[in-house]
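Now for the letters of each chain:
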Amino acid sequence: MGGRSSSNAPVDKGRTAPYVHLDAAAHEGVCARRPEGPLVASSPVLFTVAFRREMARLPAAQRQEWLTALALKMREPGAGEPLELAEVARGCRLSLVEAIAKQLGPFDTHQLNAVLEVPRERFVRREDVGRSADDTPLPLDGTGLATISAPHAYLLSYRLLRLAPGDSLVELGTGSGYGAALAAAIVGPKGRVLTIEIDAALARWARDTLRDEPNVTVLDGDAVSSAAQWGEVRDVRDAQKVVVTFAVDAVPRPWLEALRDGGRLVAPVGKTEQRLVLVERRRGVLVETDHGAVRYVKNRSTR
Ligand SMILES: C[S@@+](CC[C@H](N)C(=O)[O-])C[C@H]1O[C@@H](n2cnc3c(N)ncnc32)[C@H](O)[C@@H]1O
């Protein structure tokens, strides 16, 4: 477990979001201490940079308290999305990113920033918004067959894949689309993400949430028989990378056959207990390595 070096520190770049102002009254009574400075304004203020700085200064418990209060408000009949939700949820993810960096050792700052910037609150059920910044899986429906994985789990897989700007990624098991959104943030505008989901309702949810991501394609279907479609996402670097988000008893042969030279595939493998397995094709030879115990939902394929 490495410590967090300064180059890997999650940085709040204070980027200007498309999002504009905050009425400070929105969080009155939520913060135990009424924060000073730009959060408190009688009229709406341009807030992003100053607001983010203030969020970073608030104790983590207060940021979480604020998110919990907003989430409760959203559960009232007819309630819409509070204006400040995106920024407060992002503020809570500052602690999430720090915890991941501390727990998993040095990470590519670019990947950590994706966790900070991707609005996980949009990929969870409305009743789970208050827990969206927790490093924990959450159910996506009542079936027990689909969850949004814990954020660190995506980074573990993406680190093994060496996912980088300009790459293409094939994701097998879309869920609500969070993993695809993270990947899209990492591969950037020159990269591509193709994601495949067996549950039509989840695929619809993901497609809807990701509609403004031009580099992400969501397909309905059984990923076990999807290998013929992987070629739809050839990228500028021709670096074929595949991530699987449901557990398989063994890596299906068609996936191995479809893996091109230099290609990498990460999957949770095992019947009762699962291991995170990386398969690489190096000069025609498949090389498999084990990267520890994991727990994912099961394969829903009927084949
Ligand atoms: C851990 S969840 C996905 C997490 C997802 N990446 C996210 O960000 O929310 C695994 C997903 O794989 C889907 N799945 C299971 N078996 C599948 C299969 N054979 N083909 C495609 N999707 C499958 C499940 O329906 C579930 O949505």
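The rules behind each value
- Residues numbered from 1 in each chain as written.
- Predicted model: local features only at pLDDT ≥ 70, side-chain atom pairs only at ≥ 80, totals over all residues.
- Core = buried A, V, L, I, M, F, W, Y, C linked by C-beta atoms within 7 Å.
- Buried ≥ 20, exposed ≤ 12 C-beta atoms within 10 Å, placed from the backbone.
- Helix = DSSP H or I, 4+ residues; strand = E, 2+ residues; numbered from the N terminus.
- Contact = placed C-beta atoms within 7 Å.
- Near = placed C-beta within 6 Å.
- Axes fitted to C-alpha atoms, helices over the stretch in contact; angles between N-to-C directions.
- Parallel < 35°, antiparallel > 145°, perpendicular 65-115°, else oblique.
- Left-handed = near helix turned anticlockwise from the far one by under 90°.
- Nonpolar A, V, L, I, M, F, W, Y, C, P; charged D, E, K, R; others polar.
- Pairing = 2+ DSSP bridges.
- pLDDT = per-residue confidence, 0-100.

Draft legend 1. Geometry of the nonpolar core. In this structure, Val115, Leu182 and Ala183 are the most contacted members of the largest nonpolar core, which totals 75 residues. A per-element tally of this core places helix α3 (residues 85–104) first, with nine residues. Residues within four places of valine 115 in sequence aside, it is in contact with Arg93, Leu96, Val97, Ile100, Pro151, Leu155 and Leu182.

Draft legend 2. Quick peek at the site of the ligand. Gly173, Gly175, Tyr178, Gly179 and Ala223 are the nearest of the 27 residues found near the ligand. Looking at the shell around the ligand, the elements that each hand over two or more residues are β4 (147–148), α6 (178–187) and β6 (192–197).

Draft legend 3. The packing of α3 against helix α5 (residues 151–161), seen in detail. At a minimum axis separation of 10 Å, α3 and α5 run at an interaxial angle of 50 degrees. Comparing the axis directions of α3 and α5 gives the class oblique. The handedness of the crossing between α3 and α5 is right-handed. Together, Leu96, Ile100, Gln103 and Leu104 of α3 and Pro151, His152 and Leu155 of α5 make up the contact between the two elements. Taken together, the residues that form the contact of α3 with α5 break down as five nonpolar, two polar and no charged.

Draft legend 4. Inspection of the sheet that holds strand β9 (residues 264–269) at higher detail. Spatially, β7-β6-β5-β8-β9-β10-β11 is the arrangement adopted by the seven strands of the open sheet, whose pairing is mixed. Edge strands, defined here as strands with exactly one partner in the open sheet, are β7 (216–220) and β11 (285–294). Each strand axis lies, on average, 15 degrees off the axis of its neighbour in the sheet, ignoring direction. Pairing of strand β10 (residues 274–282) with β11, which is carried by eight bridges, proceeds in the antiparallel orientation. Looking at β11, one finds that arginine 281 is bridged to leucine 286. Each of β8 (240–244), β9, β10 and β11 touches α5; the most contacted strand, β9, lies at about 145 degrees to it. Along the sheet, α6 makes contact with β5 (168–172), β6 and β7, crossing β6 at roughly 170 degrees.

Draft legend 5. Highlighting the confidence of the model for the protein chain. Mean pLDDT over the protein chain stands at 85; residues scoring 70 or higher make up 82%. Within the model, pLDDT remains below 50 along residues 1–46, and this stretch shows 71 contacts once partners closer than five positions in the same chain are excluded.

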